[in-house]
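Below are the chains, spelled out letter by letter.
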Amino acid sequence: MSSTRRCPFCGGLGGAVGQWNQKLDTVFTLKSLLFADRSLPVTGVPADTERATRDWVAALTEAQATPRGRARIALAAAVGQLPGWGQDADGDATPRPRPGDADAIQEGMFLALAGGRQPYIGQAMSSRRSIETLAGGNPSWNTGIDYAQQYAAAEPEQRRTVREMYARAGLDLDADLRTLAEEPRITAHPDAVRYLEKGIVFDGDLRIPVLTVNPVGDQISTVAQQQSYGFAVHRAGNGALLRQSYLSTVGHCTFTPGEQIAAITAMTERLRTGRWSASTTPQGLNRLTGAAQDAPGRYVHHRPAVFNRPYFGD
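Since we're looking at a predicted model, the values are computed, not measured.

With respect to helix 1 (residues 15-34)
At step 1: Counted at 1.5 Å a residue, the expected span for helix 1 with its 20 residues is 28 Å, and the 29 Å between its end C-alpha atoms agrees.
At step 2: Most of helix 1 is tucked away: 20 of the 20 residues are buried.

Structure follows, in structure tokens:
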């Protein structure tokens, strides 16, 4: 699928199939390790999605109050490549955790899942319900997925946090990964997958220049999806048409107007001159942000983790 937008802001750049498989991994891990005895949906989300969300948030909040719950929440977030940074109940940004601060990183993982006004688990309920209804079934699967491998590929800081939380809780991480390996898998309905493929599957077939923009703390369009998009574009031989940018901010689409103007200005310059310039570097984008608003820009250098659920179509 060719990109039809020149400047995707906080886009689901893993594509529809890939990102919903990733969300399945997170919720499946939580359900299997923490809530196997509770009627919390993973797929087949009921029509009352607000109640499903409330039930999930309540269960996660209860689990967060215990060492075992915190450990397993951290593992699920690491498997699902969520940020270790979140928003408070009012939707305001919390301080970005310092490297090595396991407590703050784990709290950030929990807030990404269940905090703020747009928690990951809420979107995993409401949007999945909509998708399953439109697609006529579940379009996500985890057959053949090795969660131990996904954990091993998580960001080093998140792996350290998981290990520390497990040690404090007196839990055996390897035993929990074996439990996940033995859990019955979820299969997708083939027609539902085909329906979702018609929406967005990125194959790197760019015909126009594209500048992507993502917060590093986005809990909905996780930043690792940028890696998947970049891989597809470079594999298709179109890397010269792509630039990718990141902001040190938390939440979904939490850009300032000045930061958006900066990206659009840089993209306009590319279209006018026919070449990329230093305007697409963090320094250049921050300079453009400063020209558009009083507050400084928050563009940063960032290297996202390899997306663990790539899907480029059959």
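Structure shown, so let's carry the discussion forward.
Here we look at the packing of aromatic side chains
At step 1: Counting across every chain of the model gives six aromatic pairs.
At step 2: Considering the side-chain rings of Phe 9 and Phe 255, the 5.3 Å spacing of their centres and the 65° angle between planes classify their relative orientation as edge-to-face. Of this pair, Phe 9 sits in the segment before helix 1 while Phe 255 sits in the loop between strand 2 (242-250) and helix 11 (257-273), placing them 246 residues apart in sequence.
At step 3: The class for Phe 9 is buried, based on a relative accessible area of 19%.
At step 4: Seen in terms of ring centroids, Phe 202 and Tyr 229 are 5.0 Å apart; in terms of plane orientation they differ by 90°. Their pairing is edge-to-face. Here Phe 202, found in the loop between helix 9 (190-197) and strand 1 (210-217), pairs with Tyr 229, found in helix 10 (residues 224-235); they are 27 residues apart in sequence, far enough to count as distant. Both residues of the pair, Phe 202 and Tyr 229, count as buried.
At step 5: Residue placement shows Arg 235 over the ring face of Phe 312; its charged tip is 4.5 Å from the ring centre.
At step 6: Over the face of the ring belonging to Trp 276 we find Arg 270, whose NZ or CZ atom lies 5.2 Å from the ring centre.

What about the nonpolar core?
At step 1: Counting residues in each nonpolar core, the largest one holds 49 residues, and the members touching the most others are Trp 56, Leu 60 and Leu 75.
At step 2: When contributions to this core are tallied by element, the ones reaching two or more residues are helix 1, helix 2 (49-64), helix 3 (67-79), helix 4 (102-114), helix 5 (120-135), helix 6 (147-152), helix 7 (156-169) and helix 8 (173-182).
At step 3: In contact with Leu 75, other than residues within four places in its own chain, are Leu 33, Tyr 151, Val 162, Tyr 166, Leu 173, Leu 177 and Leu 180.
At step 4: One finds Cys 7, Cys 10, Leu 211 and Leu 288 within the second-largest nonpolar core, a separate group that totals 15 residues.

Some points on the sheet that holds strand 3 (residues 299-300)
At step 1: In space, the three strands of this open sheet follow the order 1-2-3, with mixed pairing throughout. Where the open sheet ends on each side, the last strands, each with one partner, are strand 1 and strand 3.
At step 2: Here strand 2 pairs with strand 3 via two bridges, running antiparallel. Bridging from a neighbouring strand, Tyr 246 pairs with Val 300 of strand 3.

Section: the packing of helix 3 against helix 4
At step 1: Where helix 3 contacts helix 4, the two axes come as close as 9 Å, and the packing angle between them is 70°. Considering the angle they form, helix 3 stands roughly perpendicular to helix 4. Relative to helix 4, helix 3 is oriented so that their crossing is left-handed. Side by side, helix 3 and helix 4 meet where Arg 70, Ile 73, Ala 74, Ala 77 and Ala 78 of the first sit next to Gln 106, Met 109, Phe 110 and Leu 113 of the second.
At step 2: Grouping the amino acids of the contact of helix 3 with helix 4 by side-chain chemistry returns seven nonpolar, one polar and one charged.

Calculation notes
- Residues numbered from 1 in each chain as written.
- Predicted model: local features only at pLDDT ≥ 70, side-chain atom pairs only at ≥ 80, totals over all residues.
- Heavy atoms only, no water.
- Helix = DSSP H or I, 4+ residues; strand = E, 2+ residues; numbered from the N terminus.
- Expected span 1.5 Å × (residues − 1).
- Buried < 20%, exposed > 50% of the residue type's maximum accessible area, 1.4 Å probe, protein only.
- Phe/Tyr/Trp six-rings, centres within 6.5 Å; stacked < 30°, edge-to-face > 60°.
- Lys NZ or Arg CZ within 6 Å of the ring centre and 35° of its normal.
- Core = buried A, V, L, I, M, F, W, Y, C linked by side-chain atoms within 4.5 Å.
- Contact = heavy atoms within 4.5 Å.
- Pairing = 2+ DSSP bridges.
- Axes fitted to C-alpha atoms, helices over the stretch in contact; angles between N-to-C directions.
- Parallel < 35°, antiparallel > 145°, perpendicular 65-115°, else oblique.
- Left-handed = near helix turned anticlockwise from the far one by under 90°.
- Nonpolar A, V, L, I, M, F, W, Y, C, P; charged D, E, K, R; others polar.

Read these as geometric descriptors, not functional statements.
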